[in-house]
Amino acid sequence: MKIAISSVFLMVSIVLGAQTDQNIYDIIDAVSEERLKKDVQTLVNFGTRHTLSDTISKTRGIGAARRWIKSEFETISKDCNDCLEVFYQKDLVKKGENQRIVKDVMVVNVVAIQRGTKYPNCYIIMSGDIDSRVSDPNDFTSDAPGANDNATGMAGAIEAARVLSQYKFENSIIYVGLSGEEQGLFGGQGLAKYAKEYHWDIIGVLNNDMIGNISGVDGVIDNRTFRIFSEPITTSETDPETLAKQARARRFYGGEVDGISRQLARFVYKTTKTYMPEMNPMLVYRLDRFGRGGHHRPFNDAGFAGIRIMEAHENYTQQHQDIRTENGIAYGDTFEHVNFPYCKKLTTVNAITMASLASAPPSPTEVSIGGIVEASAKLQWNNVEGAKGYKIYWRDTTSPTWDHSRYVENITEFTLDGIVIDNFFFGVAAVSADGHESVVVFPNKILR
């Protein structure tokens, strides 16, 4: 059934932008600054968490750190009637794999899965990195406290598990500590491969790497702004013919900045502005910082949506540095430099994003668009199980965010009269009965 917006606006078109869920506000209130502080201190106290560091000691090295993380997830699981599946996912990385692997090492990730009630094989993932380093990336014996980089992200994942494990969600949530990031993103590579082998349907990966610094090397102090890095399109497709076809479609129909990771970033932005309007999320149109990388990249390489959430203002004297004082500057990633109220805020951003996505129906898989040389845009999409309705979004072609929307029910085809297809980009999200939305899907077919 085709419906024009002008004829049915009062009957079926409802703007749901103001609808919120009280559970999300309860989650915001439940995130604990004190627990985050305690967990970061515990991780720092392991001395070093370098990927190649001691695995036998009970008090020092990455082995002791990952055992503690696993025990924390297991304790959380006991408190929610064994609601988490906790396990190690590991891969052997051989000496010489790159210049930072100077001996054979087992890269071990700590995984905790909270199964969804309706879509147990659909996952939203929050990751933090276990490992740390000093100036020399191959120095695995010196103290490398890694307080901000990245005990904050790891503590955030543990705290999110504590809070969200008290709720039931339709989709699954994974909380994970990834290893081997500083040596070459090996933990992310291993888990992405594991996800492929076990056919995980990943909604998105929220990689948290440095979420505790507010005083930048540029002199700016800011406790509300954070960055969301996302690449424009996935890079996993290797077939030359398919690549050429996709490039041609983007050239004529758009989509250069509308890949699945970019849509995930916009979802984080929208959720934050809805529930935490005091925060200032920055959409950064780049895979990561200039010439650098993080643990979302291996998931992007595997074709999954993945983004990096991190502080806006870095202090390079506190990253990848030997602990020392030079010219009055205290170098090193130490505990006293972490701002825990800010760490709590970014942990909360993750928690509410995951709760929202885990409560939403799946995204449409097919969205078609038409309206060439017409005074209206036409959209069709597949019916989504569990969706009460759908939200059609559009924005100016130069806008980074979805700025306009219409809600419809009981239909999978809609015409936006007076909205010229040439002047906007469009997308469709599925909406649950309580207003939770899926990630927006950019059109992937053309209506002729």
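Residues numbered from 1 in each chain as written. Predicted model: local features only at pLDDT ≥ 70, side-chain atom pairs only at ≥ 80, totals over all residues. Heavy atoms only, no water.

> Mind showing me how you'd approach the overall build of the protein chain here?
Helix and strand counts for the protein chain stand at eleven helices and 17 strands. Over its C-alpha atoms the protein chain spans a radius of gyration of 22 Å, differing by no more than 12% from the 22 Å that the globule rule assigns to 448 residues. Dimensions of the protein chain along its principal axes, counting C-alpha atoms only, are 70 × 45 × 45 Å. Looking at the protein chain as a whole, 57% of its 448 residues are labelled buried. Residue pairs in contact within the protein chain that sit at least 24 positions apart in sequence constitute 76% of those at least 6 positions apart. In the structure as shown, the protein chain presents an accessible area of about 18,700 Å², 50% of it carried by carbon and sulfur atoms. Side chains of the protein chain carry 48 positive and 56 negative charges; the gap between the two charge centres is 2 Å. (Helix = DSSP H or I, 4+ residues; strand = E, 2+ residues; numbered from the N terminus. Rg over C-alpha atoms; globule rule 2.2 N^0.38 Å. Buried < 20%, exposed > 50% of the residue type's maximum accessible area, 1.4 Å probe, protein only. Contact = heavy atoms within 4.5 Å. Areas by Shrake-Rupley, 256 points an atom, 1.4 Å probe, with all protein chains shown as cover. Lys, Arg positive; Asp, Glu negative; His and termini not counted. Charge placed at Lys NZ, Arg CZ, Asp CG, Glu CD.)

> Just checking my understanding: could you explain helix α7 (residues 186–197) for this structure?
Residues that lie three or four places apart on an α-helix share one face, since the helix turns once every 3.6 residues. Taking 1.5 Å of rise per residue, twelve residues should cover 16 Å, and α7 covers 16 Å from first to last C-alpha, within 8% of that figure. Within the span of α7, buried status applies to F186, G187, G188, G190, L191, A192, Y194 and A195. Contacts made by the buried residues of α7 are with β1 (84–93), β2 (105–114), β4 (171–178), α6 (181–184), β5 (201–208) and α10 (297–301). At the exit of α7 stands H199, carrying a positive phi of roughly 55°. (Expected span 1.5 Å × (residues − 1).)

> Just checking my understanding: could you explain the state of the cysteines for this structure?
Working definition: the covalent bond between the sulfur atoms of two cysteines is a disulfide. Considering all chains together, one arrives at one disulfide under this definition. What pairs with C80 in a disulfide is C83, and their sulfur atoms sit 1.9 Å apart. Because the torsion about its S-S bond is -80°, the bridge between C80 and C83 counts as left-handed. A relative accessible area of 9% means that C80 is categorised as buried. Free cysteine: C122, not disulfide-bonded; nearest cysteine sulfur from C83 at 18 Å. (Disulfide = S-S within 2.5 Å.)

> Could you clarify how one ought to interpret the sheet that holds strand β11 (residues 367–370) in this entry?
In sheet architecture, strand pairing relies on hydrogen bonds along the backbone and comes in two forms, parallel and antiparallel. On the basis of which strands lie adjacent, the open sheet formed by four strands has the order β15-β12-β11-β17 and mixed pairing. Looking at strand neighbours, the two that pair on one side only are β15 (413–417) and β17 (445–446), the edges of this open sheet. Of the pairings in the sheet, the one linking β11 to strand β12 (residues 376–381) comprises four bridges and is antiparallel in character. By the bridge assignment, S368 is partnered in β12 with Q380. (Pairing = 2+ DSSP bridges.)

> I keep staring at the packing of helix α5 (residues 147–164) against helix α11 (residues 340–358) and nothing clicks. Help me out?
When two helices pack together, you describe them by how their axes are tilted relative to each other and by the distance separating the axes. At a minimum axis distance of 9 Å, the contact between α5 and α11 shows a crossing angle of 50°. What the angle tells us is that α5 and α11 run oblique. Between α5 and α11 lies a crossing whose hand is right-handed. Together, T152, G156, E159, A160 and L164 of α5 and C343, T347, A351, M354 and A355 of α11 make up the contact between the two elements. (Axes fitted to C-alpha atoms, helices over the stretch in contact; angles between N-to-C directions. Parallel < 35°, antiparallel > 145°, perpendicular 65-115°, else oblique. Left-handed = near helix turned anticlockwise from the far one by under 90°.)

> I'm lost on α11 in this one. Help?
Taking 1.5 Å as the rise per residue, α11 with 19 residues should run 27 Å; its terminal C-alpha atoms sit 26 Å apart, in good agreement. Among the 19 residues in α11, 16 count as buried, and that is most of the element.

> Please clarify how the packing of aromatic side chains should be interpreted in this entry.
Given two aromatic rings, their pairing is described by the distance between the two centres and the angle made by the two planes. In this structure the tally under the stated criterion is twelve aromatic pairs. Where F87 meets Y194, the ring centres are 6.1 Å apart and the plane angle is 35°; that geometry is what we call tilted. Of this pair, F87 sits in strand β1 while Y194 sits in helix α7; the two residues are 107 residues apart in sequence, bridging distant segments of the chain. Each ring, one from F335 and one from F340, has its centre 5.3 Å from the other, and the planes form 40°; the classification is tilted. In textbook terms, an aromatic cluster arises when at least three aromatic residues are bridged by ring pairs, as seen for F87, Y123, Y194, Y198 and W200. One cation-aromatic arrangement involves R262 over Y285; the distance from NZ or CZ to the ring centre is 3.8 Å. Geometry around Y331 places R324 over its ring, the cationic atom sitting 4.1 Å from the centre. (Phe/Tyr/Trp six-rings, centres within 6.5 Å; stacked < 30°, edge-to-face > 60°. Lys NZ or Arg CZ within 6 Å of the ring centre and 35° of its normal.)

> Would you explain the sheet that holds strand β16 (residues 424–431) in this entry?
Taking strand neighbours across the sheet as the criterion, the three strands line up as β14-β13-β16 in an open arrangement whose pairing is antiparallel. The two strands at the open ends of the sheet, each matched to only one other strand, are β14 (404–409) and β16. Put simply, the sheet's adjacent strands are angled 20° from each other on average, direction ignored. Looking at chain direction, strand β13 (residues 389–396) and β14 are connected through six bridges and run antiparallel.

> I tried to follow the environment of E159 on my own but got confused; where do I start?
By the element assignment, E159 lies in helix α5. Judged by its relative accessible area of 0%, E159 is buried. For the pair E159 and N138, spaced 21 residues apart in sequence, the C-alpha to C-alpha distance is 30 Å. Reaching out from E159, the side chain makes a polar contact with the side chain of R162 at a distance of 2.9 Å. (Polar contact = N/O pair within 3.5 Å; in protein donor to acceptor, adjacent residues only side chain to side chain.)

> Just checking my understanding: could you explain the pairing of strand β8 (residues 306–311) for this structure?
Sheet faces and side chains relate simply in a regular strand, where the side chains alternate between the two faces. Judged by how many residues are buried, β8 sits mostly within the fold: six of six residues are covered. Strand direction decides the pairing type here: β5 and β8, joined by four bridges, are parallel. Following the sheet pairing, L206 is matched in β8 by I307. Two elements, strand β6 (residues 225–229) and β8, share four bridges in a ladder whose sense is antiparallel. Along β8, the bridge assignment pairs F229 with R308.

> For this particular structure, what's the right way to read the confidence of the model for the protein chain?
Low pLDDT marks regions whose predicted coordinates should not be analysed in detail. Looking at the protein chain as a whole, the pLDDT averages 94, with 95% of positions reaching at least 70. Note that residues 1–17 has pLDDT below 50 and, in this model, 34 contacts with residues that lie over four places away or in other chains. (pLDDT = per-residue confidence, 0-100.)

> How should the environment of A351 be read in this particular structure?
Mapped onto the fold, A351 is located in helix α11. In this structure the C-alpha to C-alpha distance between A351 and V31, which are 320 residues apart in sequence, comes to 8.5 Å. Excluding residues that lie within four positions of it along the chain, A351 makes contacts with I27 and L164.

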